Amino acid sequence: MNFNFDDFLPFTFQPSTALIGGLAITIYAAIIAQLLGVALGILAALGGRSRNPIINTISGFYVWIFRGTPVLVQILLLYTGLPVLLGIDLFPRLYELGPIDFRGAVVAGILALGVNEGAYMSEIVRAGILSVDPGQAEAAKSLGMTPRKTMRRIVLPQALRVIVPPLGNEFNNMLKTTSLMSVIGVGELLRVATDRSSSTFRPFEPLLGVCVYYLALTTIWGFIQGRIEKRLGVGQATGEPVLGFWARMLSIRTGRHAEGPMR
Amino acid sequence: MSGNQAPVGGAVSHDLLGAIGGVPVPSTDVVVDAQDVDKWFGKLHVLKGVSLQVRRQEVVVVIGASGSGKTTFIRCVNHLEKIQKGRIFVNGHLIGYREVEGRLVEDREKNIARQRQEIGMVFQRFNLFPHKTALENIIEAPIEVRGTPRDEAIEMGRALLLRVGLAAKETAYPAQLSGGQQQRVAIARALAMKPALMLFDEPTSALDPEMIGEVLEVMKELAREGMTMIVVTHEMGFAREVADRVVMMDDGQIIEDGTPEHFFTNPTHDRTKSFLSKIL
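Residues numbered from 1 in each chain as written. Chains lettered and ligands numbered in written order. Predicted model: local features only at pLDDT ≥ 70, side-chain atom pairs only at ≥ 80, totals over all residues. Heavy atoms only, no water.

Observations concerning the sheet that holds strand β8 (residues 119-122) of chain B
All names here are of chain B.
Logical step 1: In spatial order, the strands read β8-β9-β10-β3-β11-β12; together these six strands make up an open sheet with mixed pairing. Edge positions in the open sheet fall to β8 and β12 (253-258), since each of these has one partner strand only. Across the sheet, the mean angle from the axis of one strand to that of its neighbour is 20 degrees, orientation sign disregarded.
Logical step 2: In terms of strand pairing, strand β3 (residues 59-63) meets strand β11 (residues 245-250) through four bridges, oriented parallel. The partner of Val-62 across the bridge, within β11, is Val-247.
Logical step 3: Packing against the sheet, helix α1 (residues 70-77) makes contact with β3, β8, β9 (197-201), β10 (229-232) and β11, and its axis sits at approximately 150 degrees to β9. (Pairing = 2+ DSSP bridges. Helix = DSSP H or I, 4+ residues; strand = E, 2+ residues; numbered from the N terminus. Axes fitted to C-alpha atoms, helices over the stretch in contact; angles between N-to-C directions. Contact = heavy atoms within 4.5 Å.)

What follows is the structure, encoded as structure tokens:
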């Protein structure tokens, strides 16, 4: 074994601009794709509950397709397949939006990840909506609220408590799934590592180096998620203990249950 | 939990409806006019030709055994349940449906929502919004549905809380309130829409015995002030004291309809006699 600390340590702890850039792309691609996924997930979940059969079918079809095929294939279909099929340069090298340039590949990657994520989020949102006592919607309707207002003001805010823990899990996943964008040439973390190894012929050290970064990202996110969940627990009797960061990280069950009504 | 409240009876101020600017006046003398209503749950025939008129400022108590259709019936009055035959008019409006060539077609959600603004409903399980405080529960619909300015809604909400004896609980979340307190907030929430009619669906059935009194007290005060009410309940004391009319339902039909005196001293129907003998 010949692990090269002289390669690993500076790569990881004296990061090049390429690595910093890769980190930035990983973070913002994950955030934007996740936001897109949440938005599409809510739409698809609501569409799935619609009384309109056309909207209903479209929602079902969307979830079926995007959960049923690999996300890596979807990325390639969108970025390399679709432009050839349509004969249009859908994702040019650069999008210029004021002072910011987006590489077309980044746009395609985020789009594919977001649309894929929406299909998973729709199931999570659906479960969240179903978890809200039907009496809540009845009370809102009996006060004269329209179904739309009932959903937005009463049901969705309560569904959030059920949606947020798996949503945090999804984002944890998303932080790592952005690495798939490396196959279409996006210079995110993994791509920086593989670029490096192709010049040094030592793949292990830079790959381990970016693992340190992924782990740091997911750890920080775990901490933030714990804070968000604690906040959402305020003022509500859930009957379930809100687990702190370390308890969740280490899967510790405290056994002490917060006070709440018996179900 | 209600230890800091004034004793039951003294907890309710004497102008509950003053808090919403006086007794809402229904636009018709017959506030509820249900005509020959039929409802099925699948193959189960739960309402069999129910007809009932409720006049302005009248308090009608509906009694009957579980499964007799009384809860289903009042849920039909604000269209939380669909009906398959008959008509229900509230305030002169056909509820939940449009008539197209003599047939009932379900109305648009927007219209149904508008009709429900006139009809307050209080549920057995309170159904307060757990993510909102007592005051926020009350002001939600006036602001979101009626478009009442926030300041005005808050002022009315506070007045209502004061009059149901819960002024100190303004910022409490439902989970921090006892059942009786939650139900009083729920009544205030329904009143904040200034409804012409209040429906109560077994409002004390989910309460511990010591909390039933404080909720009934609020309801009695409402009745005294002239609110038009339909109350489904097993509280015979309330029926005797407050009701203008008592209606007995059995197997999806109204089998007896009369004054409390008639009802408790001289019921005509055998089924009513046996029901009363079990419950009293």
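Observations regarding the environment of Val-59 of chain B
Residues and elements named next belong to chain B.
Logical step 1: Relative to the assigned elements, Val-59 resides in strand β3.
Logical step 2: When the C-alpha positions of Val-59 and Val-231 are compared, they lie 7.5 Å apart, and in sequence the two are 172 residues distant.
Logical step 3: Discounting residues that sit within four places of it in the chain, Val-59 has contacts with Ala-223, Met-227, Met-229, Val-242, Ala-243, Asp-244 and Arg-245.

Some details on the layout of surface pockets
Logical step 1: In this structure, the second largest pocket spans a volume of roughly 1300 Å³.
Logical step 2: Taken together, 38 residues make up the lining of the second largest pocket; nearest its centre are Arg-49, Pro-147, Arg-148 and Met-151 of chain A together with Glu-109 of chain B.
Logical step 3: With seven residues, the single largest contributor to the lining of the second largest pocket is helix α7 (residues 147-177) of chain A.
Logical step 4: Of the residues in the lining of the second largest pocket, the class split is 15 nonpolar, seven polar and 16 charged. (1 Å grid on protein atoms, 1.4 Å probe; cavity = no way out; pocket = protein on both sides within 12 Å on 5 of 7 lines; lining within 4 Å. Points joined across faces, edges and corners; volume = space filled by probe spheres on them. Nonpolar A, V, L, I, M, F, W, Y, C, P; charged D, E, K, R; others polar.)

Considerations on the pairing of β12 of chain B
Residue and element names in this part refer to chain B.
Logical step 1: Pairing of β11 with β12 involves five bridges; the strand directions are antiparallel. Considered in β12, the bridge of Met-249 is made with Ile-254.
Logical step 2: The hairpin formed by β11 and β12 contains two residues between the paired strands, and Asp-251 there has a positive phi angle of roughly 50 degrees.

A look at the interface of chain A and chain B
Logical step 1: Residue-level contacts link 23 residues of chain A with 27 residues of chain B.
Logical step 2: A combined buried area of about 2200 Å² lies between chain A and chain B, and 57% of that area is made up of carbon and sulfur atoms.
Logical step 3: Counting every contact that joins chain A to chain B gives six salt bridges.
Logical step 4: One salt bridge in this structure joins Glu-106 of chain B and Arg-51 of chain A, with 4.0 Å as the shortest N-O distance.
Logical step 5: The tally of links from chain A across to chain B stands at seven residue pairs in polar contact (both at pLDDT 80 or more). (Buried area = accessible area lost by both parts, 1.4 Å probe. Salt bridge = Lys/Arg side-chain N within 4 Å of Asp/Glu carboxyl O. Polar contact = N/O pair within 3.5 Å; in protein donor to acceptor, adjacent residues only side chain to side chain.)

Observations concerning the packing of aromatic side chains
Logical step 1: For the coordinates displayed, the defined rule picks out six aromatic pairs over all chains.
Logical step 2: Between Phe-3 of chain A and Phe-204 of chain A the ring centres are 5.9 Å apart and the planes differ by 85 degrees, which places this aromatic pair in the edge-to-face class. Here Phe-3 of chain A, found in the segment before α1 (5-13), pairs with Phe-204 of chain A, found in helix α9 (residues 204-232); they are 201 residues apart in sequence, far enough to count as distant.
Logical step 3: An aromatic cluster of three or more residues is present, and its members are Phe-3, Phe-5 and Phe-204 of chain A.
Logical step 4: Above the face of the Phe-129 of chain B ring, Arg-189 of chain B is positioned so that its terminal group lies 4.5 Å from the ring centre.
Logical step 5: Cation over ring: Arg-240 of chain B sits above Phe-264 of chain B, and NZ or CZ is 4.6 Å from the ring centre. (Phe/Tyr/Trp six-rings, centres within 6.5 Å; stacked < 30°, edge-to-face > 60°. Lys NZ or Arg CZ within 6 Å of the ring centre and 35° of its normal.)

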